[in-house]
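Observations on chain architecture
In case you want the letters, here they are:
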Amino acid sequence: MGIVNELSQTAKANPFGLPCVRSADCAAPKGASDDGLVPYGSGKYYALCGIGGMLSCGITHTAIVPLDLVKCRIQVNPEKYKGIVSGFRTTVAEEGFRALAKGWAPTAIGYSMQGLGKFGFYELFKVVYADAIGEELAYEWRTTLYLAASASAEFFADMLLAPMEATKVRIQTSPGAPPTLRGCAPMIMKNEGLSGFFKGLPPLWMRQIPYTMMKFACFERTVELLYKYAVPKPRSECSKSEQLMVTFVAGYIAGVFCAVVSHPADTIVSKLNQDSSASAGDIVKKLGFGGLWKGLTPRIIMIGTLTALQWFIYDSVKVAFKLPRPPPPEMPASLKAKLEAQGKAH
């Protein structure tokens, strides 16, 4: 409990926290706040953020399984699946409409676990790193801080995702693989052992860490810019529904960039999980630069929508659980005073 209390105290001085939390009365009852919100930086706060991430990632990834299946098939067999429409048509013609749901179970489990780690650890690392460099540098270097916190969170989140991702891709792209989780997972374990579930982890890191860094940093800065230049009134005067709409728009913009940054590694992951004897180097040589970008259009559509919905659900969960939703970070008073002094000096 000492670590949790320490983090809670750290969060009060964090430039990304609510102003009311930063100036909270230390005599307030433990685990409570004046406005009924869960205290920012408390153990309960991080746990509920993890649940929010679990819901946002699990629901959205499961909902787009048909599009993901076609995208994976375009990547591993572009001669047969030439595009989105062609991919859907060929899949339905050969296997029926039920085939579009292949891989839904490992998707739901895997991405729920990944969301738990991704969002929960991001909130934690953001506070830890901000405390490590101090309030002023945390504000000035906030983009770097977002990148570092999200990369650290995704490193651990992908360990939770890897086994189910390997199973999902095998179900969706390998003709001889059992079509269900309860059939495919034991087959991988029997034939390849535990390494069969984790051999795609390094390329998964290659795909997901840049993706998540872009997802969080781009989202955070886009929200900042939208409130500064596009929204005609301060965030404090916006209703919750208006704030959630800003969240959705910022999430979609971030998602488009995410898709482009992480697509080559996504293609390698799909190929690795399809062919148990291949290595990442073999796949790059075989596909060439152009081949690594196959399936980018459906992935932009998929990831843009996915990221926007994930942020929308995550923010909605924060509202439902009465979690603090801090406004865009403000320059610390001490830094303002320094800059004003420097301005006067010059």
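Given the structure is predicted, the values throughout are model-derived calculations rather than measurements.

A word on the pattern of salt bridges
For the structure on display, the rule yields 19 salt bridges. In this structure, the salt-bridge partner of Asp266 is Lys71, at a minimum N-O distance of 2.8 Å. On the criterion of sequence distance, the pair formed by Asp266 in helix 12 (residues 240-274) and Lys71 in helix 4 (residues 65-76) is long-range, its members being 195 residues apart. A single burial state applies to Asp266 and to Lys71, both of which are buried.

Concerning a nonpolar patch on the surface
Taken together, the side chains of Ile51, Leu55, Ile59 and Phe321 make up a nonpolar region of the molecular surface, amounting to roughly 310 Å² of accessible area. Relative to the elements of secondary structure, Ile59 occurs in helix 3 (residues 43-63). Residue Ile59 is classed as partly exposed on the basis of its relative accessible area of 49%.

Examining the environment of Tyr122
Mapped onto the fold, Tyr122 is located in helix 6 (residues 104-133). Classification of Tyr122 as buried rests on a relative accessible area of 1%. Once the C-alpha coordinates of Tyr122 and Ser150 are considered, the two residues, 28 residues apart in sequence, prove to be 5.3 Å apart. Setting aside residues no more than four positions away along its own chain, Tyr122 makes contact with Gly117, Tyr146, Ala149, Ser150, Ala153, Phe216 and Glu220.

A short note on the side chain of Thr247
Note that Thr247 resides in helix 12. Residues within four places of Thr247 in sequence aside, it is in contact with Phe219, Trp311, Phe312 and Asp315.

Quick word on the packing of helix 11 (residues 201-230) against helix 14 (residues 296-320)
In the contact formed by helix 11 and helix 14, the axes pass within 12 Å of each other and the chain directions differ by 55°. In this view, helix 11 runs oblique relative to helix 14, as classed from their interaxial angle. Where helix 11 crosses over helix 14, the two elements pack in a sense that is right-handed. Together, Arg207, Tyr211, Lys215, Phe216 and Phe219 of helix 11 and Arg299, Ile303, Leu306, Thr307, Gln310 and Trp311 of helix 14 make up the contact between the two elements.

Conventions used here
Residues numbered from 1 in each chain as written. Predicted model: local features only at pLDDT ≥ 70, side-chain atom pairs only at ≥ 80, totals over all residues. Heavy atoms only, no water. Salt bridge = Lys/Arg side-chain N within 4 Å of Asp/Glu carboxyl O. Helix = DSSP H or I, 4+ residues; strand = E, 2+ residues; numbered from the N terminus. Buried < 20%, exposed > 50% of the residue type's maximum accessible area, 1.4 Å probe, protein only. Patch = residues over 30% accessible without salt bridge, like charges linked within 9 Å, V, L, I, M, F, W, Y side chains within 5 Å. Areas by Shrake-Rupley, 256 points an atom, 1.4 Å probe, with all protein chains shown as cover. Contact = heavy atoms within 4.5 Å. Axes fitted to C-alpha atoms, helices over the stretch in contact; angles between N-to-C directions. Parallel < 35°, antiparallel > 145°, perpendicular 65-115°, else oblique. Left-handed = near helix turned anticlockwise from the far one by under 90°.

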